[in-house]
Amino acid sequence: MKSKIILGIESSCDETSVAVIEKNGDRVRLLSNIISSSIEIQTKYGGIVPEQAAREQLKAIIAVITESLRSAQCKPQDLDAISVTQGPGLIGSLLVGVETAKTLSLIWDKPLIPVNHLIAHFYANWIEIEGQPSFQPPIFPAIGLLVSGGHTDLILMKNHGVYEYLGGTRDDAAGECFDKCARILGIASYPGGVKLAELARGGDPSQITLPKPMLNSGDLDFSFSGLKTAVLNLTQKDPNFNDNLSNIAASIEKSIVDVLVKKTILAVQRNKIEQVMIAGGVAANSQLREILQIELSKAQSRVELSIPPVSLCTDNGAVTAVCALFNFKEVSPLTLQADPNITLRI
């Protein structure tokens, strides 16, 4: 069976990433995954400045494509297709990737495959990293929990390209809550979620009581804006909150993780599913990984949990390419348009 090689372009936010993946039989292999980020520039402003991010991507995109092909020891004529994130994301950033992919598709005469960035995150679970012990890709049907800076969603994935939307956040996403709480506490301006989680390791969540929004709502929706407000109120009422930062951080993390875990297990039980997979930037959080594994084993011993490598949790071209590999739907480069408003809701 001939192998299939796909180049993936991702530029939905502040990263510019291009990857080359190869599928040979049942094995999906990562040949290269080059990422250029403008995070140092964005940190100076306390968040992403869309126009600045797009300008940096314009500077980087050709060099990143060139390096990705070089690292994969691959030439344009070796490719079977070009894939690109169509949305959601920042429109200026999306345009950089989409217009580049369209141009390359025409010049290289290769099929063009648009990808929903949110679905693509789940495909980190199909990538075998060299040295990864006893790798097994997810099986269908599967409950998928997407937790990133801008999205928190639960889906029932029945097959490639076939899924049912189960629930999502009504306001702030989990990652957004992490980042905003870190800013409120003065831990970091942007991105603060990782630093908050690091601080939480030395804290005791039982010392600070914070709400766990919608924990017992009985549905599969989320809401984290109330937790953020509670943290703000705490800092305003207690001028000495800095003396208790690690405990506050631990309580924030526990509140978020407990809600995510309980809703995921509820989705498993209601749909009688034996496979769960997580994806997105917050999927790198060690507490979420550990507690979800523990609670799933208690709830239903047969449930398998797929967790992507930390290196593939954040935005990258590899998941774009793998998603296209399993959802090979070619479009005309003359008609494809970036769409910042794509969602998982169907």
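Residues numbered from 1 in each chain as written. Predicted model: local features only at pLDDT ≥ 70, side-chain atom pairs only at ≥ 80, totals over all residues. Heavy atoms only, no water.

Visitor: Let's hear about the pairing of strand 1 (residues 4-10): which residues, and what values?
Guide: Within strand 1, six of the seven residues are buried, which leaves it mostly tucked inside the rest of the structure. Across seven bridges, the pairing between strand 1 and strand 2 (residues 15-24) is antiparallel. Within the sheet, the bridge partner assigned to Ile 6 lies in strand 2 and is Ile 21. Turn length for the strand 1-strand 2 hairpin, with the two strands adjacent in sequence and antiparallel, is four residues. Two elements, strand 1 and strand 4 (residues 81-87), share four bridges in a ladder whose sense is parallel. (Buried < 20%, exposed > 50% of the residue type's maximum accessible area, 1.4 Å probe, protein only. Helix = DSSP H or I, 4+ residues; strand = E, 2+ residues; numbered from the N terminus. Pairing = 2+ DSSP bridges.)

Visitor: Provide a residue-level description of the nonpolar core, including the pertinent values.
Guide: Core analysis: the biggest nonpolar cluster contains 47 residues, and Ile 143, Ile 252, Ile 256 and Leu 260 have the highest contact counts within it. Counting residues per element, the ones that place at least two in this core are strand 6 (142-147), strand 7 (152-159), helix 5 (174-185), helix 6 (193-200), helix 7 (225-237), helix 8 (245-271), strand 9 (275-279) and helix 9 (286-299). For this core, the element with the highest residue contribution is helix 8, accounting for 13 residues. If we ignore the near neighbours within four places in the chain, the residues touching Ile 143 are Leu 154, Ile 155, Leu 156, Leu 166, Thr 264, Ala 267, Val 268, Asn 271, Ile 273, Gln 275, Val 276 and Met 277. Counting residues in each nonpolar core, the second largest holds 32 residues, with Tyr 123, Met 277, Val 319 and Ala 321 among its members. (Core = buried A, V, L, I, M, F, W, Y, C linked by side-chain atoms within 4.5 Å. Contact = heavy atoms within 4.5 Å.)

Visitor: Describe the packing of aromatic side chains, naming the residues involved and giving the relevant values.
Guide: Applying the stated rule across the entire model yields five aromatic pairs. Aromatic side chains Trp 126 and Phe 326 sit 6.2 Å apart centroid to centroid with 50 degrees between the ring planes, which places their arrangement in the tilted category. One end of the pair, Trp 126, is in the loop between helix 4 (117-122) and strand 6; the other, Phe 326, is in helix 10 (residues 317-326), with 200 residues separating them in the sequence. When the ring centre of Phe 328 is taken as origin, the NZ or CZ atom of Lys 4, which lies over that ring, is 4.6 Å away. (Phe/Tyr/Trp six-rings, centres within 6.5 Å; stacked < 30°, edge-to-face > 60°. Lys NZ or Arg CZ within 6 Å of the ring centre and 35° of its normal.)

Visitor: Which residues make up the sheet that holds strand 2, and what values go with them?
Guide: The sheet built from five strands is open, its strands ordered 3-2-1-4-5 with mixed pairing. Each end of this open sheet is capped by a strand with a single partner; those strands are strand 3 (27-37) and strand 5 (112-116). The sheet shows a mean angle of 20 degrees between the axes of neighbouring strands, taken without regard to direction. Of the pairings in the sheet, the one linking strand 4 to strand 5 comprises five bridges and is parallel in character. For Gly 87, the partnering residue across the bridge sits in strand 5 and is Asn 116. Packed onto the sheet, helix 2 (residues 50-71) meets strand 1, strand 2 and strand 3 and runs at close to 25 degrees relative to strand 2. (Axes fitted to C-alpha atoms, helices over the stretch in contact; angles between N-to-C directions.)

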